[in-house]
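# Commentary on secondary and tertiary structure
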Amino acid sequence: MKKLFQFLFFTFFIFTLTLTTFSCANIIDALKEAFPPPGKSGENIQDENTEPEKPNDVVDDEQDKNPETEKPNTDGNHQGSNSGGSDTLKPVESYPYKSTVNFTITGLVEGTYFIEPKFPDPDSSNENIIFKERAFTQDDKSYTFGIDENELLYIVFDFIDINTKEVIMKHCVELKQEQTLEEVLNIIEFNTTVNVSGSYNNYDNPKLLFQVFPKWDNFPLQKIYDVTTQPINISIKWAEEYAVPYLVIFNDTDNDNDYKNLYFNRDHNNDDYAISNLVHGSHGTDNSTEFTFNLEIFDSATLLPSLLDESQFIEIIHPVEYNPSDETTKHYRFEKTKSRWTFLIPAGTGSDGEFITCYKCENNLEGHSGDHLWNLLYTIGILHDEEFKNAERNQTTEWHNYIKQIIAYLQDERGLTVNNIPDFLQN
């Protein structure tokens, strides 16, 4: 009898243990299903014996080996590719409003490119534009952006060749909240021939800058070409209404196939500077797609001025306030800093420049503005046109002629004193 009880107890113990183990296993499975590990869903928990997914860098390496399989990033919640942004990225859905840009593309490059939006900071200066990062969603050629209340979103769309990764076109839009833009672009090819006359042998790295401006001048598409082979043939693809090319031969001082500022000011830090006339035209204004431009090197052109030596550079700066305790500040004058010259314009009551005012003077505001120079030129009869600006930017011999006109007016017409006139302006 005792053995019978022992047998029944042992059987009941084994049955209870088995049932408990089975229940715990079910509970654990249920917990795993309800609370999957981070990054996994209950339906996609990977079996431990299956091959793990390849990391992104491995995928990228394989795509580099097979470029024809590479595809643009069209993730639903794109994180942007523009460095330097200070905004914290957040999903599109978290913005109070959504707006959309739809592209309808016709023409020559359909299917050979992808489109990448960039977001310039409108508060940045032209010389140092900051691109902010922002999430967006993309569905083929439709782009949805999160918009804050009363926000005006600036977007620059780069059209990028899917094989060469070169930007082949730019398109700019402004987007408001709850707005849908239908951008219809007919992209055609323009063929440009550039003829260069004159000798550029005096320059180390003569290059041709060909740049096309879209809606906003801050974001030109630029291409650099060697000038040793003539003529220079250029083909671009562009939406007809936005093709406005600018061309100039410049000295690429550091030979980096880039330019340092839009206007090639020779009087700024020895950066790249123009060595020819600058020409521009408008593609797409008629039915023609064939254009010819002629550029002429400054030093060898019979109708164009020569470039000045740096020791003869003259910069006109903003007016300087007259200080009654310092008589020199009363007069127009030249000052030399290092190897360059500056022309100073006196401003304020009692100065020789009192007859020239600016907006701030006229409205009793603090300080002065560049209007003193523009009003001086207007009074003399010098047009502040493209010829004047080119002479100033490039520091040509023509620039000295403008300065001599200013000196002659002040001394001969006004009877004023101009101090410390450089010798090269005396003849």
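Given the structure is predicted, the values throughout are model-derived calculations rather than measurements.

## Here's the deal with the pattern of salt bridges
Taken as a whole and judged by the stated rule, the model has nine salt bridges. The partner of E189 in a salt bridge is K237, with the nearest N and O atoms 3.8 Å apart. Placement of E189 in strand 8 (residues 180-197) and of K237 in strand 11 (residues 232-239) is noted, with a sequence separation of 48 residues between them. Here R340 makes a salt bridge to E310, at a shortest N to O gap of 2.8 Å. With R340 in strand 19 (residues 340-344) and E310 in the loop between strand 15 (290-296) and strand 16 (314-316), this residue pair connects regions lying 30 residues apart in the sequence. Its relative accessible area of 28% is what places E310 among the partly exposed residues. In the salt-bridge network here, residues are joined through shared partners; they are K118, D158 and K170.

## A few points about the packing of helix 5 (residues 386-394) against helix 6 (residues 397-413)
Two numbers describe a pair of packed helices, the interaxial angle and the distance between the axes. Where helix 5 contacts helix 6, the axes come no closer than 7 Å and their chain directions differ by 110°. Relative to helix 6, the element helix 5 lies roughly perpendicular. Here helix 5 and helix 6 pass one another in a crossing that is left-handed. Across from E387, F388, A391 and E392 in helix 5, the residues of helix 6 making contact are E398, W399 and Y402. Its residues placed into classes, the contact of helix 5 with helix 6 shows four nonpolar, no polar and three charged.

## Examining helix 5
Turning to helix 5, its buried residues number three or more, namely F388, A391, R393 and N394. Looking at the buried residues of helix 5, the elements they touch are strand 13 (273-274), helix 4 (371-380) and helix 6. A positive backbone phi angle near 50° is found at Q395, which sits one or two residues after helix 5.

## What about the sheet that holds strand 16?
Strand order in the open sheet formed by four strands is 16-19-18-21, and the pairing between neighbours is mixed. Two strands bound the open sheet, and with one partner strand each, they are strand 16 and strand 21 (418-419). One ladder, built from three bridges, connects strand 16 with strand 19; its direction is parallel. Looking across to strand 19, one finds that E315 is bridged to T342.

## Structural notes on the packing of helix 4 against helix 6
Two elements in contact, helix 4 and helix 6, have axes separated by 11 Å at closest approach and are oriented at 75°. By the angle between their directions, the pair helix 4 and helix 6 is classed as roughly perpendicular. Residues L376, L377, T379 and I380 of helix 4 form the contact with helix 6, whose own contacting residues are Q405, I406, Y409 and L410. Taken together, the residues that form the contact of helix 4 with helix 6 break down as six nonpolar, two polar and no charged.

## Focus on the packing of aromatic side chains
Given two aromatic rings, their pairing is described by the distance between the two centres and the angle made by the two planes. Summed over the entire model, instances satisfying the criterion amount to 18 aromatic pairs. Ring pairs connect the aromatic residues F103, Y113, F119, F136, Y143, F145, F157 and F159, which therefore count as one cluster. A cation over a ring is seen here: K90 above Y95, with NZ or CZ 4.4 Å from the ring centre. The ring of F355 is capped by R414, whose NZ or CZ atom sits 4.0 Å from the centre of that ring.

## Brief notes about the nonpolar core
Core analysis: the biggest nonpolar cluster contains 50 residues, and F103, F145, F157, F159 and L208 have the highest contact counts within it. Looking at this core element by element, the count peaks at seven residues for strand 8. Setting aside anything within four residues of it in sequence, one finds F145 in contact with V92, Y97, K98, S99, V101, P117, F119, F136, L153, I155, F157 and L175. One finds I314, I407, V418 and I421 within the second-largest nonpolar core, a separate group that totals 26 residues.

## Some points on the pairing of strand 19
A large share of strand 19 lies buried, amounting to five of its five residues. Residues R340, T342 and L344 point to one face of strand 19 and W341 and F343 to the other, with burial holding for every one of them. Both strand 18 (residues 332-337) and strand 19 contribute to a ladder of five bridges, which runs antiparallel. Each residue of the ladder has a partner; that of R333, found in strand 19, is L344. Connecting the antiparallel pair strand 18 and strand 19 is a turn made up of two residues, with K338 showing a positive phi of about 55°.

## Overview of the environment of T229
Within the secondary structure layout, T229 lies in the loop between strand 10 (221-226) and strand 11. Expressed as a C-alpha distance, the spacing of T229 and V196, which sit 33 residues apart in the sequence, is 9.8 Å.

## Side note on the confidence of the model for the protein
For the protein, the mean per-residue pLDDT works out to 75, and 70% of the residues sit at or above 70. Within the protein, no element has a lower average pLDDT than helix 2 (residues 56-65), which sits at 35, and none a higher one than strand 21, at 95.

## So, the side chain of S351
Note on placement: S351 falls in the loop between strand 20 (346-347) and helix 3 (359-362). A relative accessible area of 6% means that S351 is categorised as buried. Within polar-contact distance, the side chain of S351 engages the backbone oxygen of G348 at 2.7 Å. The contact partners of S351, leaving out residues within four places of it in the chain, are Y322, K330 and P346.

## Description of the pairing of strand 10
Burial of strand 10 is one-sided: the residues L221, K223 and Y225 facing one way are buried, the residues Q222, I224 and D226 facing the other way are not. Two strands pair when backbone bridges link them, and strand 9 (residues 206-213) and strand 10 are joined in this way by six bridges, in the antiparallel orientation. Its bridge partner lying in strand 10, L208 is registered against Y225.

Cut-offs applied
- Residues numbered from 1 in each chain as written.
- Predicted model: local features only at pLDDT ≥ 70, side-chain atom pairs only at ≥ 80, totals over all residues.
- Heavy atoms only, no water.
- Salt bridge = Lys/Arg side-chain N within 4 Å of Asp/Glu carboxyl O.
- Helix = DSSP H or I, 4+ residues; strand = E, 2+ residues; numbered from the N terminus.
- Buried < 20%, exposed > 50% of the residue type's maximum accessible area, 1.4 Å probe, protein only.
- Axes fitted to C-alpha atoms, helices over the stretch in contact; angles between N-to-C directions.
- Parallel < 35°, antiparallel > 145°, perpendicular 65-115°, else oblique.
- Left-handed = near helix turned anticlockwise from the far one by under 90°.
- Contact = heavy atoms within 4.5 Å.
- Nonpolar A, V, L, I, M, F, W, Y, C, P; charged D, E, K, R; others polar.
- Pairing = 2+ DSSP bridges.
- Phe/Tyr/Trp six-rings, centres within 6.5 Å; stacked < 30°, edge-to-face > 60°.
- Lys NZ or Arg CZ within 6 Å of the ring centre and 35° of its normal.
- Core = buried A, V, L, I, M, F, W, Y, C linked by side-chain atoms within 4.5 Å.
- pLDDT = per-residue confidence, 0-100.
- Polar contact = N/O pair within 3.5 Å; in protein donor to acceptor, adjacent residues only side chain to side chain.

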